[in-house]
Amino acid sequence: MLLTRLADVSREVAAVPARSRKIALLAELFREADAEDVPIVIPYLAGRLPQGRLGVGWKVLSRPVAPAGEPTLSVREADALLTELGTVSGPGSQAERARLVGELMSAATADEQRFLLGLITGEVRQGALDAVAVEGLAQATGAPAGDVRRAVMLAGSLQSVARALLADGPAALQSFRLTVGRPVQPMLAHTASSVTEAVGRLGACAVEEKLDGIRVQVHRDGDHVRLYTRTLDDITDRLPEVTRAARELAGSRFILDGEVLALDEAGRPRSFQETAGRVGSRVDVATAAQAVPVSPVFFDVLSVDGRDLLDLPFAERHAELARLAPEPMRVRRTLVSGPEEAGAAEEFSRQTLLRGHEGVVVKALDAPYSAGRRGASWLKVKPVHTLDLVVLAAEWGHGRRTGKLSNLHLGARAQDGGFVMLGKTFKGMTDAMLAWQTERLRGLAVEENGYVVTVRPELVVEVAYDGLQRSSRYPAGVTLRFARVLRYREDKRPDEADTVETLLAAHPQVRP
DNA sequence: TTCCGACAGTGGGGTCGCAAT
DNA sequence: ATTGCGACCCCACTATCGGAA
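Residues numbered from 1 in each chain as written. Chains lettered and ligands numbered in written order. Predicted model: local features only at pLDDT ≥ 70, side-chain atom pairs only at ≥ 80, totals over all residues. Heavy atoms only, no water.

The next subject is the overall build of chain A. If you tally the helices and strands in chain A, you get 18 helices and 19 strands. In terms of overall dimensions, chain A is globule-like: its C-alpha atoms have a radius of gyration of 25 Å, near the 24 Å expected for 512 residues. Taken over the C-alpha atoms alone, chain A extends approximately 65 × 65 × 50 Å along its principal axes. Every one of the 512 residues in chain A was classed for burial, and the buried ones make up 50%. Sequence separation of at least 24 residues holds for 70% of the intrachain contacts in chain A that already meet a minimum separation of 6. Carbon and sulfur atoms form 51% of the exposed surface of chain A, whose accessible area is close to 24,000 Å². In chain A, which carries 65 positive and 66 negative side-chain charges, the distance between the mean positions of the two groups comes to 1 Å. (Helix = DSSP H or I, 4+ residues; strand = E, 2+ residues; numbered from the N terminus. Rg over C-alpha atoms; globule rule 2.2 N^0.38 Å. Buried < 20%, exposed > 50% of the residue type's maximum accessible area, 1.4 Å probe, protein only. Contact = heavy atoms within 4.5 Å. Areas by Shrake-Rupley, 256 points an atom, 1.4 Å probe, with all protein chains shown as cover. Lys, Arg positive; Asp, Glu negative; His and termini not counted. Charge placed at Lys NZ, Arg CZ, Asp CG, Glu CD.)

Spelled out as structure tokens, the structure:
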């Protein structure tokens, strides 16, 4: 199959708004693809490269290459070049990667170049990624969409399911079972604005502490232990102490879900930055482990002794977990019968925050483990802080925000009467706000430099954020975590905005 | 008919590791 | 040694479609 066919379909998919039409277009293409093309065509149309990381990004791709006049590049040829691209390393590798990109792009037409660019940067913008591709695959093969989705969650990848399904038909889905050693998509949580609200929505529930670390899925089969992140990357080699801890648990065959984080001598959590740095260290693991040891803390179990527990109610899964993991290796929790005990849940949340943790997750006791879903039966609640800050500049948006000033540079008031930049945000804006702020900020513009428009510091905006963290990038030495816009405060003057001093005073545990 | 769950899109900051300077 | 870049951790929020209520 020629790459141009994929580029055409991707453009068509992008052009139709209806999800049902997108699915039908994908299904048509999947049916057309022959067996050898399928493992390439499916991920490509799901907006992902089967190779994963390539070591190539915007910098290399932004160099223009004269396009080919006629579409002659096949899907397999493109894939072979990309595979080669992903394996280049060592001195001279950047030049070699640039050369390979040039080779690929010069063989592609302008349309194909656009498609490849989107694929490599992960921005296909066709309104269809994995979930829509799964529906398309189901339609192309006549398999029930729910069964395909479940197989993908259990396999951890769309590709392997697609290959089996197109080779052997719907019966092949049976072979995708929960297996120790094969990671599954973890269950995710929704957000609730308060503990009381969360308990009100779920009824009988467990309120568990939310630890600010790295999600980890622990697979053990005898002495063989594997550790996976939320995106199913294997991080076993980086966390030897977690592997040891898993070997000391009561069972010998299980899959556990939990969080790893660094604790200080008193058992209080160290900053997320310290935990993330440790988990990210791959080269000298022994030294990193010495400096920042991490501990696993579990909250769920998916499999024990070959039994698949996914469909069991949480209460029963937790009973299994309690048999496997001793209390210090489990998340702290309290059980609540319903809204009448919301007070106790709130109190537990307060205590959790005092112990230095991020918040709580409220979980329905009767809910199954919804692998890969953002199930409504897990609700996270974290404290939200707010500030009134001044807009110092804004950046032109991309994609559906093209032509709109989107990403705001946020400043706090300094002692000298000036403003200190604390970070940026593009979150929380409605289309109406985007239109409004584009006009308003244009009127305040003093300089335009590339995609950054600097403005007179006159507009005050109320911003929500989750906390303060150290920063080497911003002048105050700190930056806001997960900042988002709540509303504009046209009733406030910039000299009424919050100051750096009040911000630092509100977070005494964080020092620049 | 209205409501709501699931998805895609739009990017944020930090850290690490690698290659180039 | 320092810098630039890419990958991958953490993540919030809005718009939209389409099935559920």
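Next comes the rest of the write-up.
Considering all chains together, one arrives at four aromatic pairs under this definition. Between Y44 and F115, the aromatic rings sit 6.5 Å apart at their centres with planes inclined by 65°, giving edge-to-face as the arrangement. With Y44 in helix α3 (residues 38-45) and F115 in helix α7 (residues 110-121), this residue pair connects regions lying 71 residues apart in the sequence. Assigned by exposure class, Y44 and F115 land together as buried. Their ring planes at 85° and their centres at 6.1 Å tell us that F299 and W378 sit as a pair that is edge-to-face. On the criterion of sequence distance, the pair formed by F299 in strand β6 (residues 294-304) and W378 in strand β10 (residues 374-381) is long-range, its members being 79 residues apart. Considered together, F299 and W378 belong to a single accessibility category, that of buried residues. An aromatic cluster is present here, built from F299, Y369 and W378 joined pairwise through their rings. For the cation-ring pair, K363 lies above W378, with the distance from its terminal atom to the ring centre recorded as 4.0 Å. (Phe/Tyr/Trp six-rings, centres within 6.5 Å; stacked < 30°, edge-to-face > 60°. Lys NZ or Arg CZ within 6 Å of the ring centre and 35° of its normal.)

For the rest of this paragraph, the subject is the nonpolar core. Of all hydrophobic cores here, the largest spans 61 residues; its most connected members are L6, Y44, L45, L82 and V148. Setting aside its immediate chain neighbours within four residues, Y44 contacts L3, L6, L49, P50, A78, D79, L82, F115 and L119. Membership of the second largest hydrophobic core comes to 33 residues, among which are L389, V453, L468 and V500. (Core = buried A, V, L, I, M, F, W, Y, C linked by side-chain atoms within 4.5 Å.)

Residues in contact with DNA strand B amount to 42 residues; listed here are only the nearest, H398, R400, N407, F426 and Y474. Contact distances for DNA strand B include 3.4 Å between a sugar or linking oxygen and a backbone N or O atom of G280. Here R473 contributes a side-chain N or O atom positioned 3.2 Å from a phosphate oxygen of DNA strand B. Here the residues of the surface near DNA strand B sort into nine nonpolar, 20 polar and 13 charged. (Near = heavy atom within 4 Å. Polar contact = N/O pair within 3.5 Å; in protein donor to acceptor, adjacent residues only side chain to side chain. Nonpolar A, V, L, I, M, F, W, Y, C, P; charged D, E, K, R; others polar.)

A full pass over the atoms with the stated rule returns 42 salt bridges. A salt bridge links R5 to E32, with the nearest nitrogen and oxygen atoms 2.7 Å apart. Taken together, the residues R5 in helix α1 (residues 3-15) and E32 in helix α2 (residues 19-32) connect sequence positions 27 residues apart. Classification of E32 by relative accessible area gives partly exposed; the value is 42%. Close ionic contact of R456 with E458 constitutes a salt bridge, the shortest N to O distance being 2.9 Å. (Salt bridge = Lys/Arg side-chain N within 4 Å of Asp/Glu carboxyl O.)

Attention shifts here to the protein's contact with DNA strand C. Close contacts around DNA strand C come from 32 residues, with S20, R53, K59, T231 and R484 the closest. Taking all atoms of DNA strand C within 4 Å of the protein, the share assigned to sugar and phosphate is 91%. Between DNA strand C and the protein, one listed contact pairs a phosphate oxygen with a backbone N or O atom of G57 at 2.9 Å. Breaking the surface near DNA strand C down by element, the ones donating at least two residues are α2, α4 (58-61) and β3 (214-221). Looking at which element gives the most residues to the surface near DNA strand C, the answer is α4, with three residues. Classifying every residue of the surface near DNA strand C gives 10 nonpolar, eight polar and 14 charged.

This next bit is on the packing of helix α9 (residues 145-155) against helix α10 (residues 158-168). Direction vectors running N to C along α9 and α10 enclose 130°, while the axes themselves pass 8 Å from each other. Here α10 runs oblique to α9, going by the angle between their axes. At the point where α9 passes α10, the crossing takes the right-handed sense. Between α9 and α10, the contacting residues are V148, A151, V152 and A155 on the first element and L158, S160, V161 and L165 on the second. Along the lines of polarity and charge, the residues of the contact of α9 with α10 split into seven nonpolar, one polar and no charged. (Axes fitted to C-alpha atoms, helices over the stretch in contact; angles between N-to-C directions. Parallel < 35°, antiparallel > 145°, perpendicular 65-115°, else oblique. Left-handed = near helix turned anticlockwise from the far one by under 90°.)

To continue, consider the environment of T121. Examined against the element boundaries, T121 turns out to sit in helix α7. Judged by its relative accessible area of 21%, T121 falls in the partly exposed class. The contacts of T121, once residues within four sequence positions are left out, are W58 and L61. Among the polar contacts made by the side chain of T121, one reaches the main-chain carbonyl oxygen of G118 at a distance of 3.5 Å.

In this section: the UniProt feature "active site" (unreviewed entry) in chain A. The feature "active site" (unreviewed entry), as given by UniProt, occupies K210 in the numbering adopted here. Here K210 lies in strand β2 (residues 205-210). Setting aside anything within four residues of it in sequence, one finds K210 in contact with H357, E358, G359, V360, V361, K380 and K382. (UniProt positions renumbered as here; feature names shortened; annotations may be inferred.)

Attention now moves to the sheet that holds β6. Read from one edge of the open sheet, five strands run β4-β3-β5-β6-β7, paired in antiparallel fashion. The open sheet has two edge strands, β4 (224-228) and β7 (307-308), and neither has a second partner. Pairing analysis gives nine bridges linking strand β5 (residues 253-262) to β6, with the strands arranged antiparallel. Within β6, the position partnered with F254 by the bridge is V304. (Pairing = 2+ DSSP bridges.)

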